[in-house]
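Chain residues, written in single-letter form:
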Amino acid sequence: MTSSEHLATVRADYDDMADAYTAFVRGAFADQPLNHVMVQAFADLVRQAGGGAVADVGCGPGHVTACLRDRGVDAFGIDLSPQLVAIARAAHPGVRFDVGDMGSLEVAPGGLAGVLANYSIIHTPPAVLPTTLAELSRALAPGGYLLVSFQALGGTGAAAEAFDHRVSPAWRYSPDHVAGLLRENGADEVSRLVIAPGEDPVRGFPQAHLLARRSARGAGG
């Protein structure tokens, strides 16, 4: 399957499941206080650094975008699924939501103060992940923050592993692998939270939240 075919599959899968996914994910986020801690810390750091536009990539129905805005962040959402974007716009009038691909942002280099990817890189195939993370880093201004959350691998030595996501093909990733790719693209790890696998009642996966900051040196520096 080519990258464009994969994007079409993910878009169609989420369009088909938009209402059911919205009902699930809003409740799931509300029940994850540790996820909230990292989102709140990300928002606070963006504001302390002077603020600016923040993209919530893979925003779904816009619940995390709204959380960021409640924390005083100038956040807007981007999602591959037109149906989810329509739901987000209806739920959060006056907030910007765009249909788009997180791997090809319509943002100038260094145009964002922050990027948040809350469980959205999981639908990026391993071969495409490096270019996707490079694109997220490219969009960040020097000193800008990136928060990436995902189902993680723990202690297997593998970089990636497919799993049975209920909506669309998905992969979980080694936190060290993701941190290394970010570092190669000029975004240095600031902090990470890895939630123990026993806290995941569905699959028993660790959950990783990686916070990185774009350095002045840029990619490969």
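Residues numbered from 1 in each chain as written. Predicted model: local features only at pLDDT ≥ 70, side-chain atom pairs only at ≥ 80, totals over all residues. Heavy atoms only, no water.

Q: Any details on the nonpolar core? Residues and values, ideally.
A: In terms of nonpolar packing, the biggest core is built from 34 residues, with Val-57, Ile-121, Leu-133, Leu-136, Phe-150 and Val-178 touching the most fellow members. Looking at this core, the elements with two or more residues in it are β1 (53-57), β2 (74-79), β4 (112-118), α6 (129-138), β5 (140-151), β7 (170-173), α7 (175-184) and β9 (207-214). When sequence neighbours within four positions are dropped, the list of residues in contact with Leu-136 reads Val-57, Met-102, Leu-105, Val-115 and Leu-146. Formed by 17 residues, the second largest nonpolar core is a distinct cluster that contains Phe-42, Val-46, Val-73 and Tyr-145. (Core = buried A, V, L, I, M, F, W, Y, C linked by side-chain atoms within 4.5 Å. Buried < 20%, exposed > 50% of the residue type's maximum accessible area, 1.4 Å probe, protein only. Helix = DSSP H or I, 4+ residues; strand = E, 2+ residues; numbered from the N terminus. Contact = heavy atoms within 4.5 Å.)

Q: Report on the sheet that holds β5, specifying residues and quantitative values.
A: Overall, mixed pairing links the seven strands, which are arranged β3-β2-β1-β4-β5-β9-β8 in an open sheet. Across the chains shown, the open sheet's two edge strands, defined by having one partner strand only, are β3 (97-99) and β8 (187-195). Taken over all neighbouring pairs, the strand axes of this sheet differ in orientation by 15° on average, direction set aside. In this structure, β5 lies alongside β9, joined through seven bridges in antiparallel fashion. For Leu-146, the partnering residue across the bridge sits in β9 and is Ala-212. Running at roughly 175° to β5, helix α3 (residues 33-48) makes contact with β1, β4, β5, β8 and β9 of the sheet. In this fold α6 packs onto β1, β4, β5, β8 and β9, with an angle of close to 145° to the strand it touches most, β5. (Pairing = 2+ DSSP bridges. Axes fitted to C-alpha atoms, helices over the stretch in contact; angles between N-to-C directions.)

Q: Which residues make up the environment of Thr-156, and what values do they have?
A: Here Thr-156 lies in the loop between β5 and β6 (160-163). Residues Thr-156 and Leu-136, 20 residues apart in the sequence, show an inter-C-alpha distance of 27 Å.

Q: Quick rundown of helix α1 (residues 3-16)? Include the residues and the values.
A: Taking 1.5 Å per residue as the helical rise, α1 with its 14 residues ought to reach 20 Å, and the 20 Å between its terminal C-alpha atoms agrees with that figure. Among all positions of α1, only His-6, Val-10 and Tyr-14 are buried. In a view along the axis of α1, the buried residues occupy a sector of 60°, so they form one face of it. Turned more than 90 degrees away from the buried face of α1, the exposed residues are Ser-4 and Asp-16. The inward-facing, buried residues of α1 contact α2 (18-30), α5 (82-91) and β7. (Expected span 1.5 Å × (residues − 1). Arc of directions from axis to C-beta.)

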